[in-house]
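Read off the chains here:
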Amino acid sequence: MSNYEFLEKKAKTLRKYIVEMITEAGSGHPGGSLSAADIVSVLYFKEMRLDPQQPKWPDRDRFVLSKGHAAPVLYAALAEKGFFPVEQLKTLRKLNSPLQGHPDVKHVPGVEMSTGSLGQGLSAANGMALAGKLDKASWRVHVLLGDGEIQEGQIWEAAMAAAHYKLDNLVAFLDHNGLQIDGAVSNIMSVEPVADKWRAFGWHVIEIDGHNYQQIIAALDEAKGVKGKPTMIIAETVKGKGVSFMENEVGWHGNAPKPEELDQALSELE
Amino acid sequence: MTEKIATREAYGKAIVELGNNNKDVVVLDADLSKSTKTALFAKEFPERFFDMGIAEQNMIGTAAGLSLGGKIPFASSFAIFATGRAFEQVRNSVCYPNLNVKIAATHAGVTVGEDGGSHQSIEDIAIMRVLPNMTVIVPADAVEAAQAVHAAAQLKGPCYIRLGRSKVPVIHNDQYQFEIGKAHIARKGEDVTIIACGLMVAEALKAAEGLAQEGIEAMVINAATVKPLDEETILESVKQTGAVVTAEEHSIIGGLGSAVTELLAEHYPVPVKRVGVTDKFGESGSPEELLQHFGLTAEGITAAAKEVIKRKK
Ligand SMILES: Cc1ncc(C[n+]2csc(CCOP(=O)(O)OP(=O)(O)O)c2C)c(N)n1
Ligand SMILES: [Mg+2]
């Protein structure tokens with residue numbers, strides 16, 4: 001199996017887990033979980049150095065899911081990687097489950113930061129990257145932002161700080177799926193021209209297709225060669241990617257599939 | 001069976017009525033208009049609706065500016081973001097200059113449910129109440145919520161209206177008249193005073209019914225205006241009963257329980273028990289499960305009432 005086929009298979013598995021666990025929970029956010037599944041698959045099954053047996057291994061690479069509502073994609077990746085049993089995914093959003101509606105660092109091995117309030121994850125990632133620099137560590141920090149999320153002012157405070165402190169051990173992904181809750185990002189509060197904004201803030205910017213493994217991997221490799229700047233990978237994605245009736249549908253931001261919708265979704269993810 | 005309606009539904013409808021009556025009413029939201037129900041206003045009055053995107057601090061600051069321009073802005077988001085994320089904008093851009101900004105926040109308390117502790121605001125009453133010039137209203141049902149929205153529009157100055165996501169029983173009829181700063185005696189009794197707000201008023205009434213079966217008569221006070229607190233009504237009741245239970249879908253630190261105990265400690269100390277979330281964060285679960293989990297139930301109030309009665313000298 002080629003590297004790409006392997007990653008594609010992993011991403012399909014993540015997508016399956018995502019729709020299954022959200023259906024079981026009866027609530028949750030499929031759209032933004034599915035749009036990020038390929039990026040998360042590359043990070044967890046190719047890029048990052050991790051040891052599921054030692055979730056707090058000091059030299060591990062870090063991932064912060066700043067758009068915390070996409071918790072299902074993170075939980076799916078952590079379970080598939082072996083941080084906790086896949087069976088546990090069924091407990092998503094239920095009372096007493098470690099798998100809270102939004103990721104909580106207190107409860108889940110492999111989760112690096114509690115998120116859910118949008119706009120706060122990049123600052124935390126900056127802090128981790130600064131700590132890594134202080135320790136002259138080789139581990140790297142990755143963070144995933146939503147395109148609606150970057151409307152938060154704190155994102156731009158953090159963008160400034162990451163460039164100011166030359167955090168070349170930090171890579172941000174923008175899940176540029178074009179949708180938020182109330183509608184298209186361009187209609188609600190435009191963030192364009194988004195690549196120019198990040199460049200103006202002092203970042204190295206790479207624009208890719210966020211569902212193309214070759215491009216995701218190449219961008220991460222390029223980022224490793226960048227010195228003195230953080231890297232922003234703007235990933236063009238499709239919200240709901242992989243489930244035809246969810247693709248580009250704003251209504252699937254935060255809705256759980258019904259059992260018959262799950263059946264159709266799973267048949268498409270075979 | 002009593003009808004159940006979410007207070008956010010009542011807000012969505014009331015804000016449209018206001019929009020019809022007064023062209024200076026404007027509404028802001030932060031990418032949650034379908035959930036907060038301001039989408040209804042957006043549909044009727046698109047030119048007076050501003051979706052600010054996911055940027056709550058900017059939303060509150062912009063509302064301040066709109067009020068300086070003579071408008072009556074209602075700014076909405078989930079309670080956690082409207083009061084938490086934008087706290088200092090609420091303090092310094094709304095309350096300090098004493099501007100006519102209304103913050104109508106939905107999804108307060110643990111009945112947010114499955115989204116979990118990150119989204120369950122159990123501290124908003126505390127941080128809004130502490131601000132000078134701020135009026136704080138926590139409606140018990142849809143009838144009171146609708147009236148509170150109209151009353152807030154009449155009021156000059158900052159006002160926080162706390163609304164919920166889940167459907168709650170309608171406990172008031174058309175005769176009910178809400179007035180800012182007036183507590184409502186929902187039930188008379190001499191043995192203990194239960195002071196509640198929000199969805200805990202219905203639980204308090206249920207508890208009082210059960211207590212009556214055991215020969216205990218509880219007075220139930222709906223303190224919908226947490227600030228300014230109706231000190232007169234509360235003190236008058238407490239002087240009769242000599243024991244108090246407070247009940248709120250909020251932390252027991254800083255909210256209605258604190259407001260009442262502050263009043264009683266200075267003016268008329270009696271045994272008090274606060275029913276609320278006991279210095280914990282919320283978590284994922286269904287709204288009903290969470291109310292049980294945190295003891296925000298008629299049973300919780302009943303137990304507290306018996307305890308304070310026992311502590312009476
Ligand atoms: C501070 C804050 N405000 C509002 C919300 C509610 N909310 C959850 S998801 C979302 C839309 C996110 O859109 P985007 O960042 O584009 O995410 P994606 O499309 O990837 O799902 C909003 C407004 C929140 N979680 N945090
Ligand atoms: Mg988006």
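Since the structure is predicted, the reported quantities are computational estimates derived from the model, not experimental observations.

Trainee: What is the right way to look at the domain arrangement of chain B in this model?
Mentor: Interface extent is often summarised as the accessible area lost during association of the parts. All names here are of chain B. For chain B, the domain assignment lists domain 1 (4–169) and domain 2 (184–312). Its C-alpha centre places domain 1 at a distance of 25 Å from the equivalent point of domain 2. Between domain 1 and domain 2, the residue contacts involve 32 residues of the former and 35 residues of the latter. For the pair domain 1 and domain 2, the two sides together bury roughly 2,300 Å², of which 58% comes from carbon and sulfur. For the domain 1 face of the interface with domain 2, the top three residues by lost area are V110, I122 and R129, together amounting to 30%. Applying the counting criterion to the domain 1 and domain 2 interface returns one salt bridge. For R129, the salt bridge goes to E262, with nearest N and O atoms at 2.9 Å. Joining domain 1 to domain 2, the criterion identifies 20 residue pairs in polar contact (both at pLDDT 80 or more). Taken together, the elements giving at least two residues each to the side of domain 1 that touches domain 2 come down to helix 7 (124–129), strand 6 (135–137) and strand 8 (167–169). Looking at the side of domain 1 that touches domain 2, the element that brings in the most residues is helix 7, giving four residues. Of the residues contributing to the side of domain 1 that touches domain 2, the split by class is 15 nonpolar, nine polar and eight charged.

Trainee: Hey, could you run me through the nonpolar core in this one?
Mentor: Nonpolar side chains in soluble globular proteins generally cluster together in the buried interior. Among the nonpolar cores identified, the biggest contains 58 residues, and A:V19, A:Y44, A:F63, A:Y75, A:F84 and A:F173 are the most heavily contacted of them. It is helix 1 (residues 3–25) of chain A that provides the largest number of residues to this core, a total of nine residues. Filtering out sequence-adjacent residues up to four positions away, A:Y75 remains in contact with A:M21, A:F84, A:L89, A:L92, A:L99, A:Q100, A:H102, A:P103, A:D104, A:V108 and A:V111. In terms of nonpolar packing, the next biggest core, distinct from the first, is built from 47 residues, B:I60, B:L66, B:A79 and B:C95 among them.

Trainee: Explanation requested: the coordination of the magnesium ion (ligand 2) in the structure shown.
Mentor: Reference values for coordination geometry: four tetrahedral donors around a metal ideally subtend 109.5 degrees, six octahedral donors ideally subtend 90 or 180 degrees. Residues and elements named next belong to chain A. The coordination sphere of the magnesium ion (ligand 2) contains the protein donors D147 (OD), N177 (OD1) and L179 (O), at a distance range of 2.1 to 2.2 Å. If you list the donors of the magnesium ion (ligand 2) from N- to C-terminus, the spacing comes out as D-x29-N-x1-L. Remark: L179 occurs in the loop between strand 3 (170–176) and helix 7 (185–188) and D147 occurs in the loop between strand 2 (141–146) and helix 6 (153–164); sequence separation between them is 32 residues. As far as burial versus exposure is concerned, D147 and L179 are alike and both buried.

Trainee: Explain the state of the cysteines to me, please; I cannot follow it from the model alone.
Mentor: Put plainly, two cysteines are in a disulfide when a covalent bond ties their sulfur atoms together. Residue and element names in this part refer to chain B. Scanning all chains against the criterion turns up zero disulfides over all chains. Left unpaired, C95 is separated from the closest cysteine sulfur, that of C159, by 10 Å. Here C197 stays free of any disulfide, with the sulfur of C159 as its closest cysteine sulfur at 14 Å.

Trainee: Where do I start with the site of ligand 1 in this structure?
Mentor: Every one of the 24 residues lining ligand 1 counts as a neighbour, but A:K67, A:H69, A:D147, A:K239 and B:E56 are closest to it. Around ligand 1 the close residues trace back to chains A and B. Within the contact set of ligand 1, an oxygen atom lies 2.8 Å away from a backbone nitrogen or oxygen of A:G148. Protein coverage of the free-state accessible area of ligand 1, which is 600 Å², stands at 99%.

Trainee: Where do I start with the sheet that holds strand 5 (residues 231–236) of chain A in this structure?
Mentor: The strands making up a sheet are joined through hydrogen bonds of the backbone, oriented either antiparallel or parallel. All names here are of chain A. One open sheet accounts for five strands, arranged 1-2-3-5-4; its pairing is parallel. The sheet is open, and its two edges are formed by strand 1 (62–65) and strand 4 (204–209), each paired on a single side. Averaged over all adjacent pairs, the angle separating strand axes in this sheet is 20 degrees, with direction ignored. Its contacts with the sheet place helix 9 (residues 213–225) against strand 2, strand 3, strand 4 and strand 5, and it is angled at close to 170 degrees to strand 4.

Trainee: I tried to follow the sheet that holds strand 12 (residues 225–227) of chain B on my own but got confused; where do I start?
Mentor: Residues and elements named next belong to chain B. Sheet architecture is open: seven strands sit in the order 3-2-4-5-7-6-12, paired in mixed fashion. Unpaired on one side and paired on the other, strand 3 (49–51) and strand 12 mark the two borders of the sheet. Each adjacent strand pair in this sheet contributes to an overall mean axis angle of 20 degrees, direction not counted.

Analysis parameters
Residues numbered from 1 in each chain as written. Chains lettered and ligands numbered in written order. Predicted model: local features only at pLDDT ≥ 70, side-chain atom pairs only at ≥ 80, totals over all residues. Heavy atoms only, no water. Domains from an automatic or database assignment. Contact = heavy atoms within 4.5 Å. Buried area = accessible area lost by both parts, 1.4 Å probe. Salt bridge = Lys/Arg side-chain N within 4 Å of Asp/Glu carboxyl O. Polar contact = N/O pair within 3.5 Å; in protein donor to acceptor, adjacent residues only side chain to side chain. Helix = DSSP H or I, 4+ residues; strand = E, 2+ residues; numbered from the N terminus. Nonpolar A, V, L, I, M, F, W, Y, C, P; charged D, E, K, R; others polar. Core = buried A, V, L, I, M, F, W, Y, C linked by side-chain atoms within 4.5 Å. Buried < 20%, exposed > 50% of the residue type's maximum accessible area, 1.4 Å probe, protein only. Donors = N, O, S within 2.8 Å, 3.2 Å for Na, K, Ca; no water. Disulfide = S-S within 2.5 Å. Near = heavy atom within 4 Å. Areas by Shrake-Rupley, 256 points an atom, 1.4 Å probe, with all protein chains shown as cover. Pairing = 2+ DSSP bridges. Axes fitted to C-alpha atoms, helices over the stretch in contact; angles between N-to-C directions.

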